[in-house]
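The primary structure of each chain is shown beneath.
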Amino acid sequence: MLTPANYVLALIGVPLVGGVLACAVPWRGVRTVVVCLTATLTALVGVLAVIAGPFSITCGAWSDPTALALELLLIGVIVAFAWEARAWLIVLLALVQLGLCLTEQFSAGAHLLATPTFILDTLSSILVIIVCVIGALIVVYATGYMREHAAHAPRTTAGDRRFFLVLVGFLGVMNGLVLANNLRWLAVFWESTTLCSFLLIGHEGTAEARANALRALLINAFGGVALSLAALLAAHRGGITSLDGIMSAQALVPMALLCIAAMTKSAQFPFQSWLLGAMVAPTPVSALLHSATMVKAGSYLILRLAPAFAGTRLLDVVALAGGFTFAIAAALAVSQSNAKRVLAYSTISNLGLIVACAGIATPLAYAAAIMILCYHAASKGLLFLCVGAIEQKIGSRDIEDMGSLLYTMPLTTVITLTGMLTMLMPPFGMLMSKLMAIEAAIEAPFVLLLVIAGSALTVFFWAKWIGRMQTVSYHPHYPRETMPFSMSSVLVVLCALVAGGGVASILVYRTLIEPMALHTFATASAHTIAALHAAGNLLSWPVFVFPLLAALAWLWTIARFNPAHVRLPYLAGENYEEKELSYAFLSIKDQPAVAWTTSLYFKHTLNELRITPWANLIAWLLVLSLLGVLGM
Amino acid sequence: MAFSIHSMLAKSPWFVHYNCNSCNGCDIELLACLTPLYDLERFGVLHVGNPKHADILIVTGSVNHRNARVLKNIYAQLPAPHVVVALGVCGSSGGVFAGAYNILGGVDKVIPVDVFVPGCPPRPEAIIDGLVRAVGILRDKSAGAATVPAATPTLTVTPSPAPQEPHVA
Amino acid sequence: MTTAATTTRRTLIPFGPQHPVLPEPLHLRLVLEDEIVVNALPAVGYIHRGIEKLAELKDFQQNVFLLERICGICSFIHSLAYCQGIEELMQLDVPPRAKYLRVVWSELNRLHSHLLWLGLLADSFGFESLFMQVWKTREKVLDLEEATAGARIMLSTCAIGGVRRDLSDEQIAQVLHGLDAIERDFESFIPAVITDTTVKHRLVGVGVITQQQAHELGAVGPVARASGIARDLRVTGYAAYGELGLNPVIETDGDCYARTLVRVRELHQSLLLIRKALKRLPATPIAVPVKGNPIGEVVSRVEQPRGEVLYYLKANGTKTLERVRVRTPTFANIPALLAMLPGNELADVPVITLAIDPCVSCTER
Amino acid sequence: MIGRLVLVVLVVLGAPLLGALLNGADRILTARMQGRIGPPLLQPFYDLLKLFRKEPLVLNRIQIGYVYLHLAFMLMTIVLITLGQDMLLALFTHAFSTLSLVIGGMSVRSPYSRIGSQRKIMQMLAYEPVLILLVVGIYLRTGSFMAGAVAHLDAPLITSLPLVFLAFLVALEIKLEKSPFDVATSHHAHQELVKGITIEYAGPYLGIIELTHFYETFFLLALVTAFFVTHVWLGVLVAMAVYGAAILVDNVCARMRTTWMVRYMWTVPVALAVCNIIWLYLQPHVGR
Amino acid sequence: MFPFVTTILRALRRGPATRRYPYEVRPPMAGSRGHLVNEPDTCIYCGLCVRRCPAGALAVTREPKSWTLDPYRCILCAYCVEVCPKKCLRMEPSHVRAAS
Amino acid sequence: MLHNVTDVTVATLLDAVAARFPQGYRLITLTCVDCVDNLEVLYHFYRNYELSHLRLCVAKGTVVPSISGIYSCAVIVENELKDLFGLTFDGLVLDYEGRFMLAADAPVAPMLRTAPAQAAARNGELKMEP
Ligand code: NFV
Ligand code: SF4
Ligand code: SF4
Ligand code: SF4
């Protein structure tokens with residue numbers, strides 16, 4: 001049997017090695033096999049490790065210098081990239097970070113507290129599962145996607161080999177990030193994900209891609225500085241070198257800095273812009289890094305630390321910042337018609353909700369945050385993949401172009417619809433967790449208001465999109481959809497996962513999340529514990545007979561459907577009947593015109609360009625008030 | 001006919017109105033039927049906006065080349081069972097406009113008509129009478145009875161002793 | 001950050017010809033952006049009968065009955081305009097009593113038309129009970145019409161050379177009495193129209209056209225008057241208007257509210273005119289006999305509820321006319337309507353459309 | 001257990017009857033306010049039964065599913081509340097019931113249907129915060145999200161949630177599709193969107209929508225009653241009065257624009273509710 | 001702010017204004033043009049009315065003597081009444097019922 | 001009778017109309033009369049309680065310059081005349097291409113005197129049935 005240390009090694013190493021292998025083989029077919037095998041293996045390792053857990057391992061004396069060396073190496077690489085791009089600000093930030101690392105290394109002296117280097121507890125297990133399973137699925141999908149993509153990619157693109165090196169390797173890095181307890185290792189993996197993200201965003205090599213990659217690098221480098229500063233200050237405060245050290249010492253100042261670092265990674269306002277820019281990357285990247293896993297690192301970090309700081313002013317501000325991001329990102333998502341931007345804003349918004357819940361830091365809030373984290377990763381990953389497939393087919397990511405897709409790509413459309421419904425329909429996990437979030441937010445009235453506003457807005461943009469997606473004309477003929485097997489199979493599997501897991505949300509809550517929250521908040525007050533238990537009673541299963549009956553009734557109706565009942569739409573009496581122009585009406589000059597209804601976007605009231613500066617200003621104020629702890 | 005599901009159609013006749021070539025005379029009298037003084041809702045009558053919700057299509061005016069197609073479209077969107085009422089002499093025959101270059105004739109030139117209401121314009125009382133007839137036909141249609149297309153009888157007078165035909169009330 | 005690609009696609013919808021807020025078939029091809037109208041183009045012809053041609057086929061006496069059926073709302077005034085034109089061609093001297101009676105019926109006609117419009121306007125912004133209230137009052141006008149003219153929709157009342165019916169003293173008393181009742185009824189809804197917050201919200205500042213625009217687009221009737229143009233043909237003094245005297249009702253804001261105010265004030269004006277006319281009713285015959293056939297060309301214009309109607313008649317000395325041309329007020333107001341729509345919300349489209357008081361059957365003949 | 005089941009069955013069967021009667025009363029009252037006689041009280045039943053006799057015209061098969069869901073989630077909401085379950089969940093299932101209709105209306109490209117659906121979402125956007133605040137208020141009062149907890153209160157909710165109640169009344173006007181908020185669809189045909197969101201549903205499907213509306217009317221008025229839970233009969237009376245007032249408002253207002261509605265709802269009623277909630281937070285025995 | 005409330009309440013108080021047709025039939029007003037009738041014995045079947053009728057609703061044959069009205073074409077203008085030399089035509093105030 | 005009538009030709013029409021616009025004349029409408037051999041188009045203007053008319057006499061088939069560039073409201077009546085008289089206007093701001101008042105299957109230029117119904121009426125054999 002594998003030892004914990006081997007598990008950690010495998011979790012990190014398998015993908016890294018797989019990535020290198022994938023990069024090494026020059027043939028696409030073989031590479032696909034390598035990638036798929038690696039993905040399978042990673043998933044397997046992940047599951048086995050979680051079954052074997054929880055555990056923690058403490059590395060020997062080699063650990064710290066190695067980590068330092070790796071960190072320096074990473075900083076060097078970043079400097080090199082930035083230098084090449086003449087991004088002096090990034091170079092500056094990287095150098096500052098370098099300085100901080102060295103200062104820490106050479107000033108703090110001996111590191112007294114011996115804490116585990118890597119920990120696999122329930123929280124990290126959940127993330128490991130997300131990374132290894134959903135991540136693996138996305139990687140498999142990417143093999144099919146990239147074949148298609150390569151055909152249309154601009155000449156500047158970096159090529160598949162580098163792509164898969166980074167993408168597959170990223171899984172290992174991300175595993176490392178969620179396992180790391182030691183601050184230095186955390187920083188190493190943290191910087192690595194930044195680098196992966198940078199490389200993948202810039203994959204296509206166009207001017208826009210490069211600019212956006214640099215922006216991501218800049219903002220995350222800023223976060224990196226905050227992280228390093230946190231490590232330095234922690235080290236100065238009694239030689240803390242690990243996350244649980246910070247928690248047990250209740251070190252507020254490092255915590256605040258870590259929160260800022262987390263906000264950059266989780267693209268919270270005012271650091272959101274890089275994530276929107278990141279949408280230029282190929283869609284599997286968006287799915288993997290920019291919605292399912294990497295951006296979760298930030299909220300994960302806060303979630304991990306928050307229980308120790310429950311009730312502090314610091315967390316109140318964090319909650320407020322998260323809530324603010326939740327509401328404002330939802331509002332901006334309403335104004336977007338670009339599907340990937342909608343998804344991006346929605347991701348930011350949900351991350352904000354996780355952060356808000358983490359900030360509220362009651363058992364229920366904690367549970368809600370974890371629920372959102374899981375369900376969001378799955379659903380959003382799926383949705384990104386769907387959008388990718390759709391985009392490859394119709395050549396557009398505009399929501400308004402997605403009408404009548406049920407015609408041309410029924411499978412993807414149904415899966416997309418399922419994915420979107422899981423985002424907002426009872427009894428799926430997202431809705432249940434949002435519900436818990438609201439119940440939890442009772443403890444923080446201001447956050448509550450933001451959460452309420454955000455939820456209402458969220459419904460708006462999803463409904464708009466769902467409506468557009470399933471718009472069908474009245475002469476249905478469903479062709480078979482062609483898509484690489486790797487893509488379609490992943491879509492189906494992930495969809496099944498999302499739907500099944502979503503329906504079982506309360507089961508998941510009961511068996512997994514509730515005990516975990518209880519465990520984490522062993523000392524919480526009675527009424528918050530009661531709230532936690534009450535949330536578990538949310539669903540009385542029998543009431544779901546109604547939707548079930550509705551579904552059955554639907555099937556029954558469709559089975560005995562009489563096509564003669566299909567009529568032309570109401571077009572004020574001026575229908576113009578022709579198969580291809582099904583919604584045409586005769587208009588001026590007796591010429592047919594096609595009725596078309598664009599959804600509401602409020603481009604004027606919710607103007608992104610106008611609102612963003614103000615939102616950023618408010619968010620900066622919140623971030624600055626986070627730093628208020630420095631004065632304490 | 002005591003309580004039967006078919007009588008429900010008679011108790012809740014919703015109508016949609018389309019103005020073909022009417023001079024408005026018939027239309028405003030129809031609208032007047034909805035207002036307090038005549039209040040068609042007493043009979044469960046509702047004025048609905050689109051044919052898909054309607055049981056009765058009330059057409060005012062005669063048919064011209066352009067609105068014929070609209071009329072056909074609306075007719076095609078009526079859910080069965082349904083009844084068509086042609087209001088006014090225009091709808092019955094073209095009335096005073098018969099013979100104009102853009103007049104095809106009465107509504108029955110384009111779609112089958114179940115009730116003709118004479119008058120130019122018909123008074124609200126006459127419209128109510130027409131609707132009462134329509135409702136009866138609706139019930140019959142719902143029960144599956146065969147209905148015959150409406151006729152527009154003429155009145156002939158000859159020197160007595162020949163009696164008057166009883167078509168005029 | 002990439003700037004959001006702005007969707008240039010817009011909403012394109014048909015509005016009419018079959019539409020419950022439009023009692024008449026009119027098709028608007030609306031282009032919207034977030035429910036704001038960007039562009040509106042009309043299609044007409046759903047109610048075109050070819051009456052101008054038909055009037056060349058029937059004889060000039062029968063035409064009275066044909067032309068008053070151009071529209072069942074402004075029927076009397078149509079026949080009035082036509083009769084006045086023929087009378088001018090034939091140089092008939094209409095007896096004064098007929099002239100006064102023509103004013104009475106014209107104003108009754110205007111009364112019922114404005115009330116009808118007010119109800120429909122209320123309906124267009126979803127104020128059903130106001131619609132009901134107004135139409136309830138309108139029934140009183142219709143009763144007066146039936147009592148004096150023999151039908152609720154005034155037809156067959158005007159004749160070449162005079163009028164077909166006379167009013168007895170009881171009828172005059174009945175009308176005066178009825179007018180009082182109508183005026184009392186106004187109290188029940190006119191304050192609502194003028195002061196209600198929600199109504200004002202829907203009308204003020206909606207569908208504005210300036211005086212300059214109104215003039216250039218050739219607007220007539222209340223649409224022109226609401227934009228500050230004193231354009232009312234009754235001041236030219238046809239029929240007995242010259243002896244009764246009136247000042248056109250003017251508002252200056254040019255929005256739907258101003259148009260409403262104009263018509264509401266004209267309700268009172270009509271009451272006043274009818275009362276005056278009935279009081280001064282001269283005791284003369286009501287018609288002169290018509291002999292011979294008309295010859296020559298003439299333009300006859302009178303003020304309809306919706307504005308100026310123009311009849312151009314060309315006769316050649318036979319029973320049938322050579323040309324009967326009708327330019328109705330709504331026809332003249334359509335360019336103004338198209339200028340009002342852009343920039344307003346979809347929800348305002350019915351309101352603006354109804355605020356010009358469109359009469360499509362007049363427009364298309 | 002059996003008792004609960006009986007209760008559920010009673011409510012599920014009784015609610016539409018009551019809802020239909022209320023609708024019938026509404027139509028009569030509206031007619032009387034307009035000086036008319038109006039339809040018979042049982043008219044909604046006649047309408048409903050008639051609709052089930054009509055041809056089920058549709059544009060596609062998808063839209064059918066959503067009317068079923070519309071009804072199903074409504075039933076679910078009512079059962080949840082009847083069983084005293086989580087109010088927030090009930091609120092969300094209720095929202096999803098409406099949302100089903102929206103999505104169904106959007107599944108056709110028919111312009112009026114789509115615009116109506118979008119306006120319906122705007123309506124949801126407008127009233128949803130108030131409803132959530134209502135639940136929050138109740139929580140602050142009872143300390144539990146369970147609807148059942150309301151029944152155990154010793155003083156009626158209205159004493160501590162007067163402003164929330166007022167805000168809820170405004171939301172009620174939207175939910176009942178009454179002027180000035182009947183923007184998405186309307187009981188009166190003369191609307192710029194014709195029948196808006198329901199325009200492409202005919203016959204039985206329209207019937208199901210009507211049926212759901214009956215349930216909804218019942219549900220909303222039951223919520224009003226819940227404010228007076230220690231004095232149920234008073235609550236019923238108030239609910240009737242509220243219903244009457246809603247009809248009165250419907251009859252004295254013009255229909256407003258959608259954007260105005262959202263702006264209004266997010267200011268006045270939300271502010272009212274928030275004031276009330278803040279006040280509750282400041283109470284010693286609630287909140288944290 | 002809501003001036004219409006008083007109107008509404010007054011309407012409630014006063015009760016419906018509805019004329020309960022067909023249960024209560026209001027007598028038609030005198031002089032109203034409801035439908036056209038002919039005195040068969042006074043009529044001389046001269047056909048003058050036919051020539052003047054603007055709607056072409058009339059037909060007369062001299063042998064055998066018959067006068068035919070198409071009520072679905074007659075616009076109730078009463079012009080024929082005016083021109084008839086024998087004054088055998090007249091307008092009755094009640095309306096014609098629908099045919100189906 | 002008609003007073004204030006000025007005769008114009010196709011060449012002078014636009015100038016005459018353009019001269020009236022700044023003088024504050026309102027365009028009431030256009031009337032077309034079929035004088036069997038040619039068409040007569042009357043432009044009715046109005047200012048200060050005074051009517052004035054332009055009379056344009058053209059042979060059938062002549063292209064008439066559109067005044068919709070000067071009086072934009074003329075566009076709908078010009079489109080109508082195009083439908084009903086088959087008159088062609090040059091420079092219509094918005095051209096309905098003969099589908100303004102009439103549908104495709106309606107008679108072409110029905111207001112022209114050559115229409116058979118007209119001839120029938122002249123000969124006194126007016127038939128009411130189409
Ligand atoms: N007033 C009026 Fe007419 C005329 N002439 C016009 O547009 O209503 Ni039918
Ligand atoms: S029947 Fe008479 S009132 Fe009715 S539309 Fe025809 S002409 Fe007008
Ligand atoms: S005009 Fe008089 S008399 Fe001559 S046929 Fe007609 S009804 Fe008879
Ligand atoms: S009333 Fe008029 S339409 Fe009727 S028959 Fe006499 S003349 Fe003809």
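Residues numbered from 1 in each chain as written. Chains lettered and ligands numbered in written order. Predicted model: local features only at pLDDT ≥ 70, side-chain atom pairs only at ≥ 80, totals over all residues. Heavy atoms only, no water.

(A) A look at the overall build of chain F. Helix and strand counts for chain F stand at 3 helices and 6 strands. Along the chain direction, N to C, the helices and strands of chain F fall in the order β-α-β-β-β-β-α-β-α. The buried share among the 130 residues of chain F stands at 53%. Considering only residue pairs separated by 6 or more positions, chain F has 50% of its internal contacts joining residues 24 or more positions apart. (Helix = DSSP H or I, 4+ residues; strand = E, 2+ residues; numbered from the N terminus. Buried < 20%, exposed > 50% of the residue type's maximum accessible area, 1.4 Å probe, protein only. Contact = heavy atoms within 4.5 Å.)

(B) Quick peek at the coordination of the nickel atom of ligand 1. All names here are of chain C. Protein-derived coordination of the nickel atom of ligand 1 comes from Cys71 (SG), Cys359 (SG) and Cys362 (SG), at a distance range of 2.0 to 2.7 Å. Seen from the nickel atom of ligand 1, its 4 donor atoms lie at angles of 83 to 131°, and the figure they make is irregular. Read N to C, the donor residues that coordinate the nickel atom of ligand 1 are spaced as C-x287-C-x2-C. Between the nickel atom of ligand 1 and the iron atom of ligand 1 the interatomic distance amounts to 2.9 Å, and Cys362 serves as a bridging ligand to the pair. Note that Cys71 is positioned in the loop between helix H2 (62-67) and helix H3 (75-90) and Cys359 in the loop between helix H13 (348-355) and helix H14 (360-364), a separation of 288 residues in sequence. Since its relative accessible area comes to 0%, Cys359 is described here as buried. (Donors = N, O, S within 2.8 Å, 3.2 Å for Na, K, Ca; no water. Tetrahedral: all angles 85-135°; square planar, octahedral: opposite > 155°, others 65-115°.)

(C) Quick look at the site of ligand 3. Inspection of the region around ligand 3 gives 14 residues, with Cys43, Cys46, Gly47, Cys49 and Cys84 of chain E positioned closest. A breakdown of the residues in the shell around ligand 3 according to their chemical character gives 11 nonpolar, 2 polar and 1 charged. (Near = heavy atom within 4 Å. Nonpolar A, V, L, I, M, F, W, Y, C, P; charged D, E, K, R; others polar.)

(D) Representation of the sheet that holds strand E4 (residues 50-59) of chain F within the structure. Residues and elements named next belong to chain F. Spatial ordering of the open sheet is given by E1-E4-E3-E2, a layout of 4 strands whose pairing is mixed. On the outer flanks of this sheet lie strand E1 (5-8) and strand E2 (26-35), each paired with one strand and no other. The sheet shows a mean angle of 20° between the axes of neighbouring strands, taken without regard to direction. Sheet strands in contact with helix H2 (residues 74-85) are E2 and strand E3 (38-47), and its direction is about 10° off that of E2. (Pairing = 2+ DSSP bridges. Axes fitted to C-alpha atoms, helices over the stretch in contact; angles between N-to-C directions.)

(E) Inspection of helix H5 (residues 122-152) of chain A at higher detail. Residues and elements named next belong to chain A. An ideal rise of 1.5 Å per residue puts 45 Å on 31 residues; H5 measures up with 43 Å between its terminal C-alpha atoms. By the largest-angle criterion, Tyr145 marks the main kink of H5, which is about 35°. Most of H5 is tucked away, with 23 of its 31 residues classed as buried. (Expected span 1.5 Å × (residues − 1). Bend = angle between axes of the 7 residues up to and from the residue.)

(F) Focus on the interface of chain A and chain D. In this complex, chain A contributes 65 residues to the contact, which on the side of chain D involves 59 residues. Buried area between chain A and chain D, both sides added, is near 5900 Å², and the carbon and sulfur share of it is 74%. Counting across the chain A and chain D interface gives 1 salt bridge. Linking chain A with chain D are 9 residue pairs in polar contact (both at pLDDT 80 or more). Elements with a contribution of two residues or more to the side of chain A that touches chain D: helix H18 (410-424), helix H19 (429-441), helix H20 (445-469) and helix H24 (545-559) of chain A. Ranked by residues supplied to the side of chain A that touches chain D, first place goes to H20 of chain A with 14 residues. (Buried area = accessible area lost by both parts, 1.4 Å probe. Salt bridge = Lys/Arg side-chain N within 4 Å of Asp/Glu carboxyl O. Polar contact = N/O pair within 3.5 Å; in protein donor to acceptor, adjacent residues only side chain to side chain.)

(G) Region of interest: a nonpolar patch on the surface. Residue and element names in this part refer to chain A. On the surface, Phe222, Trp614, Leu617, Ile618, Trp620, Leu621 and Leu624 cluster together to form a nonpolar patch covering roughly 730 Å² of accessible area. Among the elements that make up the nonpolar patch, the one with the highest residue count is helix H25 (residues 608-626) (6 residues). Positionally, Phe222 belongs in helix H8 (residues 207-236). (Patch = residues over 30% accessible without salt bridge, like charges linked within 9 Å, V, L, I, M, F, W, Y side chains within 5 Å. Areas by Shrake-Rupley, 256 points an atom, 1.4 Å probe, with all protein chains shown as cover.)

(H) Fine view of the sheet that holds strand E6 (residues 155-157) of chain B. Taken together, 3 strands build an open sheet; the order of strands is E6(B)-E3(E)-E2(E) and the sheet is antiparallel. The open sheet has two edge strands with one neighbour each: E6 of chain B together with strand E2 (58-61) of chain E. Taking each pair of neighbouring strands and ignoring which way they run, the sheet shows an average axis angle of 15°. The pairing of E2 of chain E with strand E3 (residues 66-69) of chain E spans 4 bridges and is antiparallel. For Val60 of chain E, the partnering residue across the bridge sits in E3 of chain E and is Trp67 of chain E.

(I) A look at the interface of chain A and chain B. In this complex, chain A contributes 10 residues to the contact, which on the side of chain B involves 12 residues. Counting the surface lost from both chain A and chain B, the interface buries some 880 Å², and carbon and sulfur atoms represent 37% of this. Sorting the residues of chain A by area buried against chain B places Arg567, Tyr570 and Gly573 of chain A first, and these three jointly supply 50% of that buried surface. Connecting chain A to chain B are 3 salt bridges. Across the pair Arg66 of chain B and Asp590 of chain A runs a salt bridge whose closest N-O atoms are separated by 3.3 Å. At the junction of chain A with chain B, the criterion picks out 9 residue pairs in polar contact (both at pLDDT 80 or more).

(J) Quick peek at the pairing of E2 of chain F. Counted residue by residue, E2 of chain F has 9 buried out of 10 residues, so it is predominantly covered. Joining the antiparallel neighbours E2 of chain F and E3 of chain F is a turn of 2 residues, in which Val36 of chain F adopts a positive phi near 65°.

(K) Representation of the pairing of strand E3 (residues 36-43) of chain C. Residue and element names in this part refer to chain C. Pairing of strand E2 (residues 27-33) with E3 involves 7 bridges; the strand directions are antiparallel. Among the inter-strand pairings, Arg29 is bridged to a residue of E3, identified as Leu41. Here E2 folds back onto E3 in antiparallel fashion, the turn holding 2 residues, of which Asp34 has a positive phi close to 50°.

(L) Structural view of the site of ligand 4. Residues in contact with ligand 4, as listed here, are Leu36, Cys53, Pro54, Leu58, Leu69, Cys74, Ile75, Leu76, Cys77, Ala78, Cys80 and Met91 of chain E. In terms of residue class, the shell around ligand 4 is built from 12 nonpolar, no polar and no charged.

(M) Broad picture of the arrangement of the chains. Across the 13 pairs of chains that are in contact, the largest number of contacts falls between chains A and D. Nothing in chain A touches chain E, and the closest approach of their C-alpha atoms is 26 Å. Considering only C-alpha positions, the minimal separation of the non-contacting chain D and chain F is 25 Å.

(N) Geometry of helix H12 (residues 283-292) of chain A. For H12 of chain A, the tally of buried residues reaches 10 of 10 residues, placing the bulk of the element in the interior. Those residues of H12 of chain A that fall on the buried side of the exposure criterion are Thr283, Pro284, Val285, Ser286, Ala287, Leu288, Leu289, His290, Ser291 and Ala292 of chain A.

Coordinates in, geometry out; function isn't part of it.
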